[in-house]
Amino acid sequence: MSRIRYLHLALAGALLALLLWKTDIADVASALRDVSPLTAIAVVALNAPLAVLFWARSRMVLERLGHQIPPRVLLPVALLGNVAGSLTPASAGELLRTAMLKSHADVTSRDGFALVLYERALSLYLMALGTGVVAAFIALPLPAAALIASIAAPLFVLPVAGSKILSLLPKQRIARGPAFVRDLVERVGHVAGRLQWLLRDRGLLALWSAATAIIFAIITLQFWLLTQALSTAISPQEAWVALGASQLAAIASLLPLGLGAADGSIAAVLRRAGMTLEQGTAVAILVRATITLPLGLAAIGCYLYLQRLGSAEERSTADAPT
């Protein structure tokens, strides 16, 4: 294990220890007991449409890239990739998606990387921008918040200019230098070209962004339902900010599962919004139990299914007459 990994684990442990030190464990346990089982079941059930939307987004992009993939393959691949990417440092788990697409659907690694970069970059951009605008309406007077929103509005369509930015990259192949450098430059150029192709399609960008907005809305609803089980002081807008802050903190921390960073951010934002630190900590625990854990288990199931599917395809190919 590298020193950086040890540092990440130590930081995660320190953040969790700080959160636990600042909270009364008995009050957290009491808050957790106040949550209705029906609320927890409803939040878990809302993970199902998230899986369908992950599939729908990836299907849009892959069809634009010229790939028609059956739902029996793409649905588990999309769920596995999105969940693994959100739970691993720097979204390294997304490499599973490119590997599965290559082995089960003959999607080249370059097209797989283009898909992952398109989805991850746009999702992060839209989440950060949307969270900032919502936070402005919560924290600032209405005129100031409206001014910020009017300034931010054109930024939501800024990804359209991404194709023009990518077009500035040099297109010539490097004729000199080590072979691995020339190969790397060629691969990067190909992925950039595919990204440029995707970003040029404004219809795709609009549909994909709409699907992503629905995903954010569903997860915000999950957060809000969990907070309402403990306190009626939190609005849906504040739940959105808690979601956005926790996701951005987890990504910035580069910690596995966003441990400590995401949980501390949820508790801090909800405390500022009117909940106690113990209630905010309870919400963070419930988020892990009703969203992170079920999606993680589903992703493991998808991985096992894809492995079994691959073995079956190999046996079928081996048994086919030559």
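As the structure is a prediction and not an experimental result, all values here were calculated from the model.

*Asks:* Even after reading the chapter, I still don't get a nonpolar patch on the surface, so can you show me in this structure?
*Replies:* A contiguous nonpolar patch, built from L96, L293, L297, I300, Y303 and L304 and spanning about 550 Å² of accessible area, is present on the exposed surface. A total of 5 residues in the nonpolar patch trace back to one element, the largest contributor, which is helix α14 (residues 277–319). Secondary-structure assignment places L293 in helix α14. What makes L293 partly exposed here is its relative accessible area of 48%.

*Asks:* Would you take a moment to explain the nonpolar core for this structure?
*Replies:* Generally speaking, soluble globular proteins have nonpolar side chains that are buried together. Core analysis: the largest hydrophobic core is formed by 65 residues, its most contacted members being V61, L101, Y118, F223 and V283. Among the elements that make up this core, the one with the highest residue count is α14 (11 residues). Residues contacting F223, with those up to four places away along its chain left out, are A239, A242, L243, S246, I266, V287 and I291.

*Asks:* What am I meant to see in the packing of aromatic side chains here?
*Replies:* Aromatic ring pairs are described here by two measures, namely the spacing of the ring centres and the angle between the planes. Throughout the structure, instances matching the rule amount to 2 aromatic pairs. For the ring pair Y118 and W208, a centre distance of 5.8 Å and an interplane angle of 80 degrees mean the geometry is edge-to-face. On the criterion of sequence distance, the pair formed by Y118 in helix α7 (residues 109–139) and W208 in helix α11 (residues 202–228) is long-range, its members being 90 residues apart. A relative accessible area of 0% places W208 in the buried class. Look at F216 and W240: their rings are 5.9 Å apart centre to centre, the planes differ by 90 degrees, and that puts the pair in the edge-to-face class. Within this pair, whereas F216 is found in helix α11, its partner W240 is found in helix α12 (residues 236–253), the two being separated by 24 residues in sequence. Classification of F216 as buried rests on a relative accessible area of 6%.

*Asks:* What's the story with the environment of S163 in this structure? I'm lost.
*Replies:* Turning to its location among the elements, S163 is positioned in helix α9 (residues 162–166). Separated by 29 residues in the primary sequence, S163 and A192 have C-alpha atoms spaced 9.1 Å apart.

*Asks:* So what exactly am I meant to see when it comes to the pattern of salt bridges here?
*Replies:* Pairing of side chains with opposite charge becomes possible as their charged atoms draw close. Considering all chains together, one arrives at 4 salt bridges under this definition. Between R64 and D201 there is a salt bridge, and its shortest N-O distance comes to 3.1 Å. Separated by 137 residues along the polypeptide, R64 in helix α4 (residues 47–64) and D201 in the loop between α10 (179–199) and α11 bring together distant segments of the chain. Under the relative-accessibility criterion, R64 is labelled partly exposed at 31%. The closest approach of N and O atoms between E119 and R97, which form a salt bridge, is 2.9 Å. Residue E119 is found in helix α7, and its partner R97 is found in helix α6 (residues 94–105); the two are separated by 22 residues along the sequence. Each member of the pair E119 and R97 is classed as buried.

*Asks:* Is there a simple way to think about the side chain of R97 in this case?
*Replies:* Look at R97 and you get buried, because its relative accessible area is 1%. Residue contacts for R97: discarding those within four places in its chain leaves S58, V77, A78, G81, N82, L115, V116 and E119.

*Asks:* Is there a simple way to think about the environment of R187 in this case?
*Replies:* Along the polypeptide, R187 turns up in helix α10. With 78 residues separating them along the chain, R187 and S109 place their C-alpha atoms 9.5 Å apart.

*Asks:* Help me understand the confidence of the model for the protein, please; the structure alone is not making it clear to me.
*Replies:* Low pLDDT means the predicted atomic positions in that stretch should not be read closely. For the protein, the average pLDDT comes to 80, and 75% of its residues sit at 70 or higher. Least confident of the elements in the protein is helix α1 (residues 3–22), whose mean pLDDT is 49; most confident is α4, at 95. Contacts for the low-pLDDT stretch residues 18–24, under 50 throughout, to residues beyond four places or in other chains number 13 contacts.

*Asks:* What is the right way to read the packing of α7 against helix α8 (residues 142–152) from this model?
*Replies:* The relative placement of two packed helices comes down to the angle between their axes together with the axis-to-axis distance. Contact pair α7 / α8: the axes reach a minimum separation of 8 Å and the direction vectors enclose 160 degrees. Relative to α8, α7 is oriented roughly antiparallel. Considering the relative orientation of α7 and α8, their crossing is left-handed. On α8, the residues that touch L129, V133, A136 and F137 of α7 are L142, A145, A146, I148, A149 and A152. Considering only residue class, the contact of α7 with α8 consists of 10 nonpolar, no polar and no charged.

Scoring rules and cut-offs
Residues numbered from 1 in each chain as written. Predicted model: local features only at pLDDT ≥ 70, side-chain atom pairs only at ≥ 80, totals over all residues. Heavy atoms only, no water. Patch = residues over 30% accessible without salt bridge, like charges linked within 9 Å, V, L, I, M, F, W, Y side chains within 5 Å. Areas by Shrake-Rupley, 256 points an atom, 1.4 Å probe, with all protein chains shown as cover. Salt bridge = Lys/Arg side-chain N within 4 Å of Asp/Glu carboxyl O. Helix = DSSP H or I, 4+ residues; strand = E, 2+ residues; numbered from the N terminus. Buried < 20%, exposed > 50% of the residue type's maximum accessible area, 1.4 Å probe, protein only. Core = buried A, V, L, I, M, F, W, Y, C linked by side-chain atoms within 4.5 Å. Contact = heavy atoms within 4.5 Å. Phe/Tyr/Trp six-rings, centres within 6.5 Å; stacked < 30°, edge-to-face > 60°. pLDDT = per-residue confidence, 0-100. Axes fitted to C-alpha atoms, helices over the stretch in contact; angles between N-to-C directions. Parallel < 35°, antiparallel > 145°, perpendicular 65-115°, else oblique. Left-handed = near helix turned anticlockwise from the far one by under 90°. Nonpolar A, V, L, I, M, F, W, Y, C, P; charged D, E, K, R; others polar.

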